[in-house]
Amino acid sequence: MTMMSDLPGDLLEEILCRVPAVSLKRLRSSCKRWNRLFNDKQFSTKHLDKAAKQSLVFKVTQYSRACLMSVNLHGTPSVEFKGELRLLGSHLNANQIKISRVFHCDGLLLCTISNDTRIVLWNPFTGKTRWIQPRSTKNSYALGSYKEPRCGTSSYKILSYRTYNDHEFEIYEINSNTWRTLDVTSIFKLLYIGTSVSFKGKTYWFASDREDEQLGMFLVSFDYTTERFGRLSLPCKYPVGFFHDVALSVVGEEKLSVLLQPRNTRGKEIWVTNKIDGTKEVSWRKFLTVDYPERDYWITFTCFWVDEEKKVALCCEKCMFDRNTKIKDLVYIAGEDNEVKLLDFGAVTFGSCWPVLDYFPSLAYIQPGGGLKKRKRER
């Protein structure tokens, strides 16, 4: 009888690269040969492309503790606590690290730390980290992937940018461990900075034209391969300042989704694009209209995640009912015909850091500190 360990290396990799990351981790300790795959950049790229994704919620509580949760959308919606995560590698104790913002891409989390001048690239599933010193501690960040031209493996870059006046952009190369200024002139203004998303080698933001606001709002994308910006139309032409609340999300790693709530209305419209593959013109279709909850609020911010197959959306709102009350968190599932079901995420509320509703465990590879040149010297 042929055992898995007896199979040729290429065939074994083709089988294992289709096994979900959580299941693959259970096999890690059973064989040194399989364990080595967790640190193999080519295998991690192949696994990211071919393995099924298990969607989880990553959140940071008000006590700065990071944890994972799963949401069951079948029957009566429920939430299951999957475990607490520890971010290591800082001069601070793990319990002292205060994550203030998180950006997600391919199972990697780019975190800013309120009590550390550095930023950190973190794979919570493998435990690997890369602490990075930015040129400025007042910038915002985005994370994206690109394929290395020689070998086709996935690598990552960090985009740093000022959020006020004229945007100035810098790129951090994970492989070379270097920052450099991006030679572009921005003729747009980024809006709703905290709503950006990244997938398929691009990051997307809401934006407006710097010189002609009559053009209304649109989406701006940044391509991490060409290091150039592009524009993408929204479902309709909307004037700047038209919305009370907006948000972006990724659907199945293939499509974009936007949540739009015009001012003086309660309804939130969720729109989904066709499959974005770079060859077809992007079109939009309305997915859901959410008109809940019926209450008066002074300000609200929403993040959301769409399950297109089940025709539901998971929404998390941060609501402030007036200037004198604290921000409250509300989590619910919205379905067709405005059917809404509240979820209990526990007594501990979210901290100032937004939850990542579409996180998935992956083997995404983080280049060790020092870059490729340092690794060559060590050989």
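Just above sits the structure.
Residues numbered from 1 in each chain as written. Predicted model: local features only at pLDDT ≥ 70, side-chain atom pairs only at ≥ 80, totals over all residues. Heavy atoms only, no water.

**Details of the packing of helix 1 (residues 9-16) against helix 4 (residues 41-50)**
And then number 1: At their nearest, the axes of helix 1 and helix 4 sit 9 Å apart, and the two run at 40° to each other. Taken together, the axes of helix 1 and helix 4 lie oblique to each other. Contact residues: helix 1 offers Glu13, Glu14 and Leu16, while helix 4 offers Phe43, Lys46, His47 and Lys50.
And then number 2: When the residues that make up the contact of helix 1 with helix 4 are grouped by side-chain class, the tally is two nonpolar, one polar and four charged. (Axes fitted to C-alpha atoms, helices over the stretch in contact; angles between N-to-C directions. Helix = DSSP H or I, 4+ residues; strand = E, 2+ residues; numbered from the N terminus. Parallel < 35°, antiparallel > 145°, perpendicular 65-115°, else oblique. Contact = heavy atoms within 4.5 Å. Nonpolar A, V, L, I, M, F, W, Y, C, P; charged D, E, K, R; others polar.)

**Some remarks on the environment of Phe229**
And then number 1: Inspection of the secondary structure puts Phe229 in strand 16 (residues 228-232).
And then number 2: What makes Phe229 partly exposed here is its relative accessible area of 22%.
And then number 3: In the structure, Phe229 is positioned 41 residues away from Phe188 in sequence and 10.0 Å away in space, judged by C-alpha atoms.
And then number 4: The contact partners of Phe229, leaving out residues within four places of it in the chain, are Phe169, Leu182, Val184, Phe188, Trp205, Val220, Ser221 and Phe222. (Buried < 20%, exposed > 50% of the residue type's maximum accessible area, 1.4 Å probe, protein only.)

**Section: the nonpolar core**
And then number 1: Leu143, Ile158 and Leu159 are the most contacted members of the largest nonpolar core, which totals 34 residues.
And then number 2: Setting aside residues up to four positions removed in sequence, Leu159 forms contacts with Ser140, Tyr141, Ala142, Phe169, Glu170, Ile171, Leu182, Trp205, Phe222 and Tyr224.
And then number 3: Counting residues in each nonpolar core, the second largest holds 31 residues, with Ala21, Leu37, Val120 and Tyr359 among its members. (Core = buried A, V, L, I, M, F, W, Y, C linked by side-chain atoms within 4.5 Å.)

**Structural notes on helix 4**
And then number 1: Buried within helix 4 we find Lys41, Phe43, Ser44, Thr45, His47 and Leu48.
And then number 2: Along its buried surface, helix 4 packs onto helix 1, helix 2 (21-27), strand 8 (140-147) and strand 9 (154-161).
And then number 3: Measuring from the side-chain oxygen of the N-cap residue of helix 4 to the backbone nitrogen of Gln42 gives 3.0 Å; that N-cap residue is Asp40. (Polar contact = N/O pair within 3.5 Å; in protein donor to acceptor, adjacent residues only side chain to side chain.)

**Concerning the packing of aromatic side chains**
And then number 1: Inspection of every chain in the model, using the stated rule, returns 16 aromatic pairs.
And then number 2: With a centroid separation of 4.9 Å and 50° between ring planes, the pair formed by Phe222 and Phe229 is classed as tilted.
And then number 3: A residue is classified by how much of its surface remains accessible, and Phe222, at 0% relative accessible area, is buried.
And then number 4: Between Phe242 and Phe243, the ring centres sit 5.1 Å apart and the planes meet at 85°, which makes this aromatic pair edge-to-face.
And then number 5: Taking relative accessible area as the criterion, Phe242 reaches 34% and is therefore assigned partly exposed.
And then number 6: With a relative accessible area of 1%, Phe243 lands in the buried category. (Phe/Tyr/Trp six-rings, centres within 6.5 Å; stacked < 30°, edge-to-face > 60°.)

**A word on the environment of Lys200**
And then number 1: Inspection of the secondary structure assignment puts Lys200 in the loop between strand 13 (197-199) and strand 14 (202-209).
And then number 2: For Lys200, a relative accessible area of 46% gives the class partly exposed.
And then number 3: With 95 residues separating them in the primary sequence, Lys200 and Cys105 have C-alpha atoms 9.2 Å apart.
And then number 4: Once residues within four sequence positions are removed from consideration, Lys200 is found in contact with Glu253, Glu254, Lys275, Ile276 and Asp277.
And then number 5: Side-chain polar atoms of Lys200 contact the backbone oxygen of Ile276, separated by 2.9 Å.

**Regarding empty space enclosed by the protein**
And then number 1: Summed over all chains, the structure comprises two cavities of 30 Å³ or more.
And then number 2: In terms of lining residues, the largest cavity is bounded by Ala21, Val22, His47, Leu48, Ala51, Ala52, Lys53, Gln54, Pro361, Ser362 and Leu363.
And then number 3: The set of elements that each furnish at least two residues to the lining of the largest cavity consists of helix 2 and helix 4.
And then number 4: Residues of the lining of the largest cavity, tallied by class, amount to seven nonpolar, three polar and one charged.
And then number 5: In this structure, the second largest cavity encloses a volume near 30 Å³.
And then number 6: Forming the walls of the second largest cavity are Lys41, Ser154, Ser155, Tyr156, Ile174, Asn175, Tyr365 and Gln367.
And then number 7: No other element matches strand 9, which puts three residues into the lining of the second largest cavity.
And then number 8: Of the residues contributing to the lining of the second largest cavity, the split by class is three nonpolar, four polar and one charged. (1 Å grid on protein atoms, 1.4 Å probe; cavity = no way out; pocket = protein on both sides within 12 Å on 5 of 7 lines; lining within 4 Å. Points joined across faces, edges and corners; volume = space filled by probe spheres on them.)

**So, unusual backbone geometry**
Leaving glycine out, the prevailing phi sign among residues is negative, and the prevailing peptide bond configuration is trans.
And then number 1: Phi is positive for Asp106, which is not a glycine, with a value near 55°.
And then number 2: Secondary-structure assignment places Asp106 in the loop between strand 4 (99-105) and strand 5 (108-113).
And then number 3: Of note, the phi angle at Glu227 is positive, near 55°, even though the residue is not glycine.

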